[in-house]
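As a plain string of letters, each chain reads:
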Amino acid sequence: MKKFNFTLQKMREYKKQILEGEKGYLMTLYSEYNALEQRYEDLNGEMRNVCLEASDQMKTGIGVRDIQVYEMKKASMRREQAQLRIQMNVMESSIEKQRKVVVQMSQEVSGLDKLEEKQRAEYNYLVNKESEQSIEEFLSFKMSKGSEDSVDFDGM
């Protein structure tokens with residue numbers, strides 16, 4: 001019997017390559033999201049520092065102009081945080097879409113893997129069946145050959 005050959009091997013390899021690319025893209029999205037999140041947290045820290053600095057300045061006496069500068073800094077940071085929050089929401093939806101793509105591709109590759117297992121099991125069954133048949137033929141031949149050899153030819 002000829003060697004086992006999975007007929008959809010090339011397709012499975014192609015889908016695996018696509019899956020790896022999709023996983024890489026998902027990791028890139030996660031990385032970008034983490035960078036946005038880190039910047040958001042950094043702005044929170046900066047905001048606390050500006051508030052503490054302004055509070056300390058106000059205790060010792062501060063001019064109106066300096067108060068306005070602190071308020072402008074805080075307003076700028078709030079705007080940047082709002083923009084970051086919007087970007088993070090967009091990234092979250094992109095990540096979710098990409099996660100669905102990765103799951104779909106994983107299922108396709110898994111389906112091909114299961115199909116190969118099934119085909120391999122059928123192949124192994126047929127190989128075993130063929131082997132059994134060969135053994136039966138061999139034993140049958142040996143038995144018939146052995147009975148010919150043991151025939152008594154007294155009459156000759």
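Residues numbered from 1 in each chain as written. Predicted model: local features only at pLDDT ≥ 70, side-chain atom pairs only at ≥ 80, totals over all residues. Heavy atoms only, no water.

1. Remarks on the overall build of the protein chain
From N to C terminus, the protein chain includes two helices and zero strands. Compactness check: the protein chain gives a C-alpha radius of gyration of 38 Å against a globular reference of 15 Å for 156 residues, more than 25% above the reference. Considering only contacts in the protein chain between residues 6 or more positions apart, those separated by 24 or more positions represent 87%. Of the roughly 12,000 Å² of accessible surface on the protein chain, a fraction of 54% belongs to carbon and sulfur atoms. Side chains of the protein chain give 25 positive and 28 negative charges; the mean places of these two sets differ by 9 Å. (Helix = DSSP H or I, 4+ residues; strand = E, 2+ residues; numbered from the N terminus. Rg over C-alpha atoms; globule rule 2.2 N^0.38 Å. Contact = heavy atoms within 4.5 Å. Areas by Shrake-Rupley, 256 points an atom, 1.4 Å probe, with all protein chains shown as cover. Lys, Arg positive; Asp, Glu negative; His and termini not counted. Charge placed at Lys NZ, Arg CZ, Asp CG, Glu CD.)

2. A few points about a nonpolar patch on the surface
A grouping of Ile-135, Phe-138 and Leu-139 is seen on the molecular surface, where their side chains present a nonpolar patch of about 300 Å² in accessible area. Looking at Ile-135, the relative accessible area reads 46%, which means it is partly exposed. (Patch = residues over 30% accessible without salt bridge, like charges linked within 9 Å, V, L, I, M, F, W, Y side chains within 5 Å. Salt bridge = Lys/Arg side-chain N within 4 Å of Asp/Glu carboxyl O. Buried < 20%, exposed > 50% of the residue type's maximum accessible area, 1.4 Å probe, protein only.)

3. Brief notes about a negative patch on the surface
Taken together, the side chains of Glu-37, Glu-41, Asp-42 and Glu-92 present a region of like negative charge at the surface. Glu-92 gets classed as partly exposed once you look at its relative accessible area, which sits at 35%.

4. Re helix H1 (residues 9–60)
Taking 1.5 Å per residue, 52 residues should reach 76 Å; H1 reaches 76 Å between its end C-alpha atoms and fits that length. When H1 is considered as a whole, its buried residues turn out to be Arg-12, Leu-19, Leu-26, Leu-29, Tyr-33, Leu-36, Leu-43, Gly-45, Met-47, Val-50 and Ala-54. Directly beyond the C-terminal end of H1, a positive phi value near 110° is found at Gly-61. (Expected span 1.5 Å × (residues − 1).)

5. Re the pattern of salt bridges
A side chain with one charge can pair with a side chain of the opposite charge if their charged atoms come near. On inspection of all chains with the given rule, the structure shows nine salt bridges. Across the pair Asp-113 and Arg-12 runs a salt bridge whose closest N-O atoms are separated by 3.0 Å. With Asp-113 in helix H2 (residues 64–149) and Arg-12 in helix H1, this residue pair connects regions lying 101 residues apart in the sequence. In this structure Arg-12 comes out as buried when scored by relative accessible area, which is 7%. When the shortest N-O distance is used, the salt bridge between Glu-46 and Arg-39 registers 3.2 Å. Owing to a relative accessible area of 34%, Glu-46 belongs among the partly exposed residues under this scheme.

6. A word on the environment of Lys-23
Along the chain, the position of Lys-23 falls in helix H1. Lys-23 sits in the partly exposed class, given a relative accessible area of 35%. In the structure, Lys-23 is positioned 83 residues away from Ser-106 in sequence and 9.8 Å away in space, judged by C-alpha atoms.

7. Things to note about the nonpolar core
Within the largest apolar cluster, 18 residues are counted, with the highest numbers of intra-cluster contacts made by Leu-19, Tyr-33, Leu-36, Met-77, Met-91 and Ile-95. Of all the secondary-structure elements, those providing two or more residues to this core are H1 and H2. Beyond its immediate stretch of four places on either side in the chain, Leu-19 contacts Val-102, Met-105, Ser-106 and Val-109. (Core = buried A, V, L, I, M, F, W, Y, C linked by side-chain atoms within 4.5 Å.)

Fair warning: the whole summary comes from geometry, so function is off the table for now.
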